[in-house]
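Each chain, letter by letter, is given below.
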Amino acid sequence: MKKKNDRKYGMVLAVIGFVILMIVACVFIEKGNEKVREEAKAIADRFSDAYFSGNIDGVKAYLAESFAGELECYHPNEGESAEVEIIQVKGLQDINIFNMRNPCHFSVEFRAVYEDSLTYLETNIVREKSGWKIKSYGLEK
């Protein structure tokens with residue numbers, strides 16, 4: 001009788017230990033996700049600052065080795081203000097430690113001061129040895 005109770009007690013301890021291990025793992029995974037998102041957000045902010053200010057060298061600094069697009073900065077129509085209002089950065093919440101080896105996507109939602117509609121700087125990023133880099137980008141209405 002005593003051995004049966006010992007075995008039940010051992011099983012209960014094993015289950016408790018497993019639950020504690022899973023909680024700790026979830027905490028570490030979420031901390032890793034937060035760090036990866038913070039890194040991606042920093043690149044999104046710096047890249048969009050360079051893009052909207054017309055800093056072509058700044059834009060170049062954030063491009064991936066695999067970037068094959070045309071290098072350009074934001075340029076409004078002639079006679080229109082280059083001033084924009086950044087509304088928000090979308091898509092960063094989807095970036096995590098499990099998908100960071102694949103291209104990820106974010107978009108910078110903005111409104112030019114002379115427009116009444118929103119425009120999006122659509123951006124695909126990849127993780128390279130030196131950190132997050134822009135694989136492609138472009139504007140979309």
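Bear in mind that the values here come from a model prediction, so they are computed numbers and not experimental data. (Residues numbered from 1 in each chain as written. Predicted model: local features only at pLDDT ≥ 70, side-chain atom pairs only at ≥ 80, totals over all residues. Heavy atoms only, no water.)

## So, the nonpolar core
Core analysis: the biggest nonpolar cluster contains 29 residues, and Trp132, Ile134 and Tyr137 have the highest contact counts within it. Listed by contribution, the elements that provide at least two residues to this core are α1 (2-53), β1 (84-90), β2 (104-112), β3 (119-128) and β4 (131-140). A per-element tally of this core places α1 first, with 8 residues. (Core = buried A, V, L, I, M, F, W, Y, C linked by side-chain atoms within 4.5 Å. Buried < 20%, exposed > 50% of the residue type's maximum accessible area, 1.4 Å probe, protein only. Helix = DSSP H or I, 4+ residues; strand = E, 2+ residues; numbered from the N terminus.)

## Examining the confidence of the model for the chain
Where the model shows low pLDDT, its predicted coordinates should not be examined in detail. Here the chain averages 87 in pLDDT, while 97% of its residues score no lower than 70. The element-level mean pLDDT for the chain is lowest in α1, coming to 82, with helix α2 (residues 56-61) highest at 96. (pLDDT = per-residue confidence, 0-100.)

## What to know about the pattern of salt bridges
The full count for this structure, using the stated rule, is 6 salt bridges. Among the salt bridges present, the one from Asp45 reaches Lys41, with a minimum N-O distance of 2.7 Å. On the criterion of helical spacing, the pair formed by Asp45 and Lys41 is a turn pair, its members being 4 residues apart in helix α1. By relative accessible area, Lys41 is classed as partly exposed at 34%. Between Lys90 and Glu109 there is a salt bridge; the shortest N-O distance is 3.3 Å. Of the two residues, Lys90 sits in strand β1 while Glu109 sits in strand β2, which places them 19 residues apart along the sequence. Lys90 sits in the partly exposed class, given a relative accessible area of 34%. Each of the salt bridges in this network shares a partner with another, and the network as a whole consists of Lys35, Glu39 and Arg127. (Salt bridge = Lys/Arg side-chain N within 4 Å of Asp/Glu carboxyl O.)

## Brief notes about the packing of aromatic side chains
The full count for this structure, using the stated rule, is 9 aromatic pairs. Between Tyr51 and Tyr74, the aromatic rings sit 6.3 Å apart at their centres with planes inclined by 55°, giving tilted as the arrangement. Placement of Tyr51 in helix α1 and of Tyr74 in the loop between α2 and β1 is noted, with a sequence separation of 23 residues between them. Arranged with centres 4.6 Å apart and planes meeting at 65°, the rings of Phe52 and Phe110 form a pair that is edge-to-face. Placement of the pair is Phe52 in helix α1 and Phe110 in strand β2, with a sequence separation of 58 residues. The same class applies to Phe52 and to Phe110, which are both buried. Through successive ring pairs, a cluster of aromatic residues spans Phe47, Tyr51, Phe52, Phe67, Tyr74, Phe110 and Tyr137. (Phe/Tyr/Trp six-rings, centres within 6.5 Å; stacked < 30°, edge-to-face > 60°.)

## Focus on the pairing of β3
The element β3 is largely enclosed, with a buried count of 8 among its 10 residues. Of the pairings in the sheet, the one linking β2 to β3 comprises 7 bridges and is antiparallel in character. Within β3, the position partnered with Glu109 by the bridge is Tyr120. Adjacent in sequence and paired antiparallel, β2 and β3 are bridged by 6 residues. (Pairing = 2+ DSSP bridges.)

## Let's talk about the environment of Tyr74
Given a relative accessible area of 10%, Tyr74 falls into the buried group. Taking the C-alpha atoms as reference points, Tyr74 and Gly17, separated by 57 residues in sequence, lie 55 Å from one another. Excluding residues that lie within four positions of it along the chain, Tyr74 makes contacts with Tyr51, Phe52, Ala82, Val84, Phe110, Ala112, Tyr114 and Leu139. Among the polar contacts listed, one links the side chain of Tyr74 to the side chain of Tyr114, at a separation of 3.3 Å. (Contact = heavy atoms within 4.5 Å. Polar contact = N/O pair within 3.5 Å; in protein donor to acceptor, adjacent residues only side chain to side chain.)

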